[in-house]
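# Structural features, examined
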Amino acid sequence: MKRRNLIKGLTLLPIAGSVLPLHSLLAGANGSKKLPVMPQDTIMPKLHREAFVMDGHVHVMTRELLMNTDIGQRYSDGTVDLPRAKEGGLDAMFFTVYTPEHYYPGRFEVKNTFRVINLALDQIKKNNSVIELALNAKDIKRINMKGKMAAFLDLEGGFDLDGDINLLRALYRLGLRSIQLTAHNTTNAFIDTCNDVSRWGGINDLGREIIAEMNNLGMVINIAHASNDAILQTAEASKHPITYSHGGFYSIVAHPRCITDEAAKAVAAKGGVIGIHFGSLFNNPKYWAWQTAPKETTPESVKESTSMNTIEEVDDAVRKEVPLVFNGTIPDEYWMHVDQLAKVIDYGVNLVGEDHMALGCDLDGGPELPREIKDISDYPQITMAMQRLGYSDKRIKKILGLNWLRVIEEVTGS
């Protein structure tokens, strides 16, 4: 076994709880004894354990910012922390900081973006024994060789609703290497979203300037949440591969957040990657039909609009939603299984090819998870589902992370 694989096998044990003797760990790694039992009472597949595993969209720092917690500690709720990520076999992730719509009316989006990125850097430094910041593909490989996870810093939400390129450059200097162009679900000054008003018919000249600057800097362009026209125009304008970090296919579920076949082919033709979201709303036709069926409703009482004049007031409002997880109840007949996710991946493989499919779970971003996945520690379930499809090891390894790594290498230049 290669040294990286051996190191990875040793570091997949739970950070909290009992620790096996080193000789037992080495014995398990070389196959002479059984591997340690995972918390979900299943053995992690050998393929998953040895593969490079990277997710394209994992929410972090909202909880840490608003509740003064540490992502290095195991939480009793939510779906993401570093101990559980290690148990899930994650080698790297797009470490996604989030600036939601709550901060836009008061124009606090810039302040929030800078403070969550600064906090992410602090948290990565604080947990340096487990995770390190990666600026490019070379860094990711180097960090993995040390048996650690790599954090590739990513932003979801507006870095600036006006699209100030000087702020973009400053964020790059802080270590940000990936940005979602839209301001989450809100159309901003340079690009339309898929579920807001269309102001630009896709992207405008400022949007093209921002795309060109991101190309020059070596930043990954993420067009998740963008309108269909905006995705097509971004693919045409960018000289580098672009990504659709998290979502489903519109041909499977007609949700506006899902990517059309036309747009998916444009992303692939540019050399990009499509990350499959783990949520039922984007991937399970039965659940979508149930959610969109006419229902009897009771009129809500009119609530008085409250103006939030300070960022502290906005924080208080967002804090009530933390952790950002789905809290509803799903009847058994509408609850998605992980095999349905595998079918969505297979649809994408047949549509655009295995070199352009990946995973973007959106954990701690609110998805209605499959029955078999309670949190990020259950990540091996998706590998087992792809194995049940009969996928080759080579194909699965591409989808688990090598496709993300290739795009990062092409965009960052190393």
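Residues numbered from 1 in each chain as written. Predicted model: local features only at pLDDT ≥ 70, side-chain atom pairs only at ≥ 80, totals over all residues. Heavy atoms only, no water.

## Some details on the pattern of salt bridges
Here is the rule: The salt bridge definition used is simple: a Lys or Arg side-chain nitrogen within 4 Å of an Asp or Glu carboxyl oxygen. Under the scheme used here, helices are H or I runs from DSSP no shorter than 4 residues and strands are E runs no shorter than 2 residues, and both carry numbers assigned from the N terminus.
Scanning the model with the defined rule gives 25 salt bridges in all. Across the salt bridge formed by Glu-132 and Arg-142, the nearest N and O atoms sit 3.5 Å from each other. Here Glu-132, found in strand S3 (residues 131-133), pairs with Arg-142, found in helix H7 (residues 137-145); they are ten residues apart in sequence, far enough to count as distant. Here the salt bridges share partners, and the residues they tie into one network are Glu-132, Asp-139, Arg-142, Lys-146 and Lys-148.

## Observations regarding the packing of aromatic side chains
Using the following cut-off: Aromatic pairing here means that ring centres of Phe, Tyr or Trp (its six-membered ring) are within 6.5 Å. Orientation follows from the plane angle: under 30 degrees is stacked, over 60 is edge-to-face, and everything else is tilted. A simple rule labels every residue: compare its accessible area, found with a 1.4 Å probe on the protein chains alone, to the largest value its type can have, and call it buried under 20%, exposed over 50%, or partly exposed in between.
A full pass over the atoms with the stated rule returns seven aromatic pairs. On the basis of an interplanar angle of 55 degrees and a centroid distance of 5.1 Å, the ring pair of Phe-94 and Trp-404 is categorised as tilted. With Phe-94 in strand S2 (residues 92-99) and Trp-404 in helix H17 (residues 393-412), this residue pair connects regions lying 310 residues apart in the sequence. Assessed through its relative accessible area of 2%, Phe-94 is described here as buried. Residues Phe-278 and Tyr-379 carry aromatic rings whose centres are separated by 5.5 Å and whose planes lie at 40 degrees to one another, so their mutual orientation is tilted. Note that Phe-278 is positioned in the loop between strand S8 (273-276) and helix H12 (280-283) and Tyr-379 in the loop between strand S9 (357-359) and helix H16 (380-388), a separation of 101 residues in sequence. Owing to a relative accessible area of 1%, Phe-278 belongs among the buried residues under this scheme. Of the aromatic side chains, those joined through ring pairs into one cluster are Phe-94, Phe-152 and Trp-404.

## Considering the side chain of His-57
To be explicit about the condition: Think of a polar contact as two N or O atoms within 3.5 Å of one another; within protein, one of them needs to be a possible hydrogen donor and the other a possible acceptor, and neighboring residues in sequence only count if both atoms come from side chains. Only heavy atoms enter the contact rule, under which two residues are in contact if any of them lie within 4.5 Å.
When you line up the elements, His-57 lands in strand S1 (residues 54-59). Note on His-57: relative accessible area 0%, which makes it buried. At 3.0 Å, the side chain of His-57 and the side chain of Glu-156 are in polar contact. Residue contacts for His-57: discarding those within four places in its chain leaves Phe-94, Thr-96, Asp-154, Glu-156, Ser-245, His-246, Gly-360, Cys-361, Asp-362 and Leu-363.

## Examining the confidence of the model for the chain
Any region with low pLDDT has predicted coordinates that should not be read closely. Worth spelling out the cut-off: You can read pLDDT as the predictor saying how much it trusts each residue, on a scale of 0 to 100.
Confidence in the prediction of the chain, expressed as mean pLDDT, is 89, and 87% of residues score 70 or more. Throughout residues 1-41 the model reports pLDDT below 50, and contacts reaching past four residues in sequence, or to other chains, amount to 67 contacts. Low pLDDT (under 50) marks residues 298-305, which in the prediction has zero contacts with non-local residues, meaning those over four places away or in another chain.

## What about H17?
Quick note on the threshold: Multiplying 1.5 Å by the residue count of a helix minus one yields the expected span of that helix. Throughout, bend refers to the angle between the axes fitted to the seven residues that end at a position and the seven residues that start at it.
Taking 1.5 Å of rise per residue, 20 residues should cover 28 Å, and H17 covers 27 Å from first to last C-alpha, within 8% of that figure. The principal kink in H17, of about 60 degrees, is found at Ile-399. Among the residues making up H17, those that are buried are Ile-396, Lys-398, Ile-399, Leu-400, Gly-401, Asn-403, Trp-404, Leu-405, Val-407, Ile-408, Val-411 and Thr-412. Backbone geometry just after H17 places Gly-413 at a positive phi near 85 degrees.

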